[in-house]
Amino acid sequence: MNFTNKDVMKLREQTGVGMMDCKKALVETDGNFDEAVKYLREKGMASAAKKASRVAAEGLVKCLISDDKKTGVAIEINCETDFVARSDQFVALVDNLANHVLHSSAATVDEMLTENYYADASKTVSVLIAEATAAIGEKISLRRFTKFALTDAGLVASYIHMGGKIGVLAELRSDANQSDLQELAFNICMQIAASKPTVIAIEDCDPSALEAEREILTVQARNEGKPEAVINKMVEGRIHKYYKEVCLLEQEYVRESSLSVKQVIKDVEKSTGAAITVTRFVRYEMGEGIEKRVDNFVDEIAEQMKNIK
């Protein structure tokens, strides 16, 4: 092999093509980087290579649930501008990719990119995205996805907020009829979208994070001049408040603040006669963690003027 993993990464960064396709291109060209770029372009996979360095911080989050409500996917696809994110062509691409994830067994984005597109096996998902990038004129990337496949009794539900800015997927296990669970599941998804829990229950909290929070709260209480005799009680009270912020079941229910999510679930359990467990959830907020590029228009014009003779 006349190339390294770093060469594969570099080719991926420059072309926006998936890792396995980049590796294949380097194998086919005996490690020649420029020839590999050419190879990918000839295959129609790197037609948007010059766009690969742009920041794609806009886009859409999409959730899709199977007809039997046993499988659900959440996916985030990014582009460069909100204008493109709202275009019919981009929305159709997001729909197609969400459907592909629903049919896929891939565990990672890189695996997904190398798969044959479920609706047209003549092209990979990477090629599908590259074609859309060339047609739309902006960098487009499949950033992340989550897939829940439930084998037990229960259902998977979803909620999309602000036209694709926030998406939630939640899995509930129960012997109750799906029709009796549907409203609760939808409301729990809304709860997660609005209140941003990080775990389901108190016992799911990371012990090290909890201890760090305790230390911070203890120092805060001392800085407030509280006597040592009451600091522990104060800290435990504030830890309880912390639980209500990060634990889904402990949160105030967004539709009725006098109730907790745990109490709402118990009420539905009584009415259905079956236990209900929220087993997992995921919350995607479009663009979170991506550093958006901010151009200074005045400086840009000034720089261009320097080059004018």
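Residues numbered from 1 in each chain as written. Predicted model: local features only at pLDDT ≥ 70, side-chain atom pairs only at ≥ 80, totals over all residues. Heavy atoms only, no water.

Caption draft 1: View of the overall build of the chain. Each helix and strand counted, the chain has twelve helices and ten strands in total. Counting all 309 residues of the chain, 44% fall into the buried class. Contacts in the chain between residues at least 24 apart in sequence constitute 63% of all its contacts with a sequence separation of at least 6. On the chain, roughly 17,000 Å² of surface is accessible, and the fraction owed to carbon and sulfur atoms is 49%. (Helix = DSSP H or I, 4+ residues; strand = E, 2+ residues; numbered from the N terminus. Buried < 20%, exposed > 50% of the residue type's maximum accessible area, 1.4 Å probe, protein only. Contact = heavy atoms within 4.5 Å. Areas by Shrake-Rupley, 256 points an atom, 1.4 Å probe, with all protein chains shown as cover.)

Caption draft 2: View of helix H2 (residues 19-28). Every buried residue of H2 is listed here: Asp21, Cys22, Ala25 and Leu26. Take H2 and look down its axis: the buried residues cluster within an arc of 140 degrees, on one side only. Turned more than 90 degrees away from the buried face of H2, the exposed residues are Val27 and Glu28. Just past H2, the residue Asp30 takes up positive phi, approximately 55 degrees. (Arc of directions from axis to C-beta.)

Caption draft 3: Local environment of the state of the cysteines. The final tally for this structure, using the stated rule, is zero disulfides. Take Cys63: it sits in no disulfide, and the sulfur closest to it among the cysteines is that of Cys189, at 7.8 Å. A relative accessible area of 9% places Cys63 in the buried class. (Disulfide = S-S within 2.5 Å.)

Caption draft 4: Structural detail: the sheet that holds strand E2 (residues 71-79). Strand order across the open sheet formed by three strands is E1-E2-E5, with antiparallel pairing between neighbours. Taken across any chain shown, the strands that pair with only one partner, and hence form the sheet edges, are strand E1 (58-65) and strand E5 (141-149). Averaged over all neighbouring strand pairs, the angle between strand axes comes to 10 degrees, with direction disregarded. (Pairing = 2+ DSSP bridges. Axes fitted to C-alpha atoms, helices over the stretch in contact; angles between N-to-C directions.)

Caption draft 5: Looking closely at the packing of aromatic side chains. Counted by the stated rule, this structure contains three aromatic pairs. Seen from their ring centres, Tyr159 and Phe186 are 5.5 Å apart, and the 85 degrees between their planes marks the pair as edge-to-face. Residue Tyr159 is found in strand E6 (residues 154-161), and its partner Phe186 is found in helix H8 (residues 178-195); the two are separated by 27 residues along the sequence. You can call Tyr159 buried: its relative accessible area is 16%. Among the residues examined, Phe186 registers a relative accessible area of 34% and is labelled partly exposed. With 6.4 Å between their ring centres and 50 degrees between their planes, Tyr242 and Tyr243 make a pair best called tilted. If you follow Lys10 out to its NZ or CZ, it ends over the ring of Phe33, 4.7 Å from the centre. Sitting above the plane of the Tyr284 ring, Arg144 keeps its charged end 4.0 Å from the centroid. (Phe/Tyr/Trp six-rings, centres within 6.5 Å; stacked < 30°, edge-to-face > 60°. Lys NZ or Arg CZ within 6 Å of the ring centre and 35° of its normal.)

Caption draft 6: Spatial organisation of helix H5 (residues 88-103). The terminal C-alpha atoms of H5 lie 23 Å apart, and with 16 residues this matches the ideal 22 Å at 1.5 Å per residue to within 8%. Burial in H5 covers these residues: Phe90, Leu93, Val94, Leu97, Ala98, His100, Val101 and Leu102. (Expected span 1.5 Å × (residues − 1).)

Caption draft 7: Summary view of the side chain of Thr71. You can see Thr71 is positioned in strand E2. The exposure class of Thr71 is buried, given its relative accessible area of 17%. Other than its neighbours up to four places away in sequence, Thr71 contacts Leu64, Ile65, Ser66, Leu102, Lys147, Phe148, Ala149 and Val156.

Caption draft 8: How the structure looks around the sheet that holds strand E10 (residues 276-285). Strands sit in the order E6-E7-E10 across an open sheet of three strands; the sheet is antiparallel. Every interior strand has two partners, whereas the edge strands, E6 and E10, have only one. Between one strand axis and the next, the sheet turns through 15 degrees on average, direction left out of account. Two elements, strand E7 (residues 166-174) and E10, share nine bridges in a ladder whose sense is antiparallel. The residue of E10 that forms the bridge with Leu169 is Val282. Relative to the sheet, H8 contacts E6, E7 and E10, its axis offset from that of E6 by approximately 40 degrees.

Caption draft 9: Layout of the environment of Ser104. Position of Ser104 among the secondary structure elements: in the loop between H5 and helix H6 (109-114). Residue classification places Ser104 among the buried positions, given a relative accessible area of 7%. Separated by twelve residues in the primary sequence, Ser104 and Asn116 have C-alpha atoms spaced 9.7 Å apart. Those residues in contact with Ser104 that lie beyond four places of it in its chain are Met112, Glu115 and Lys147.

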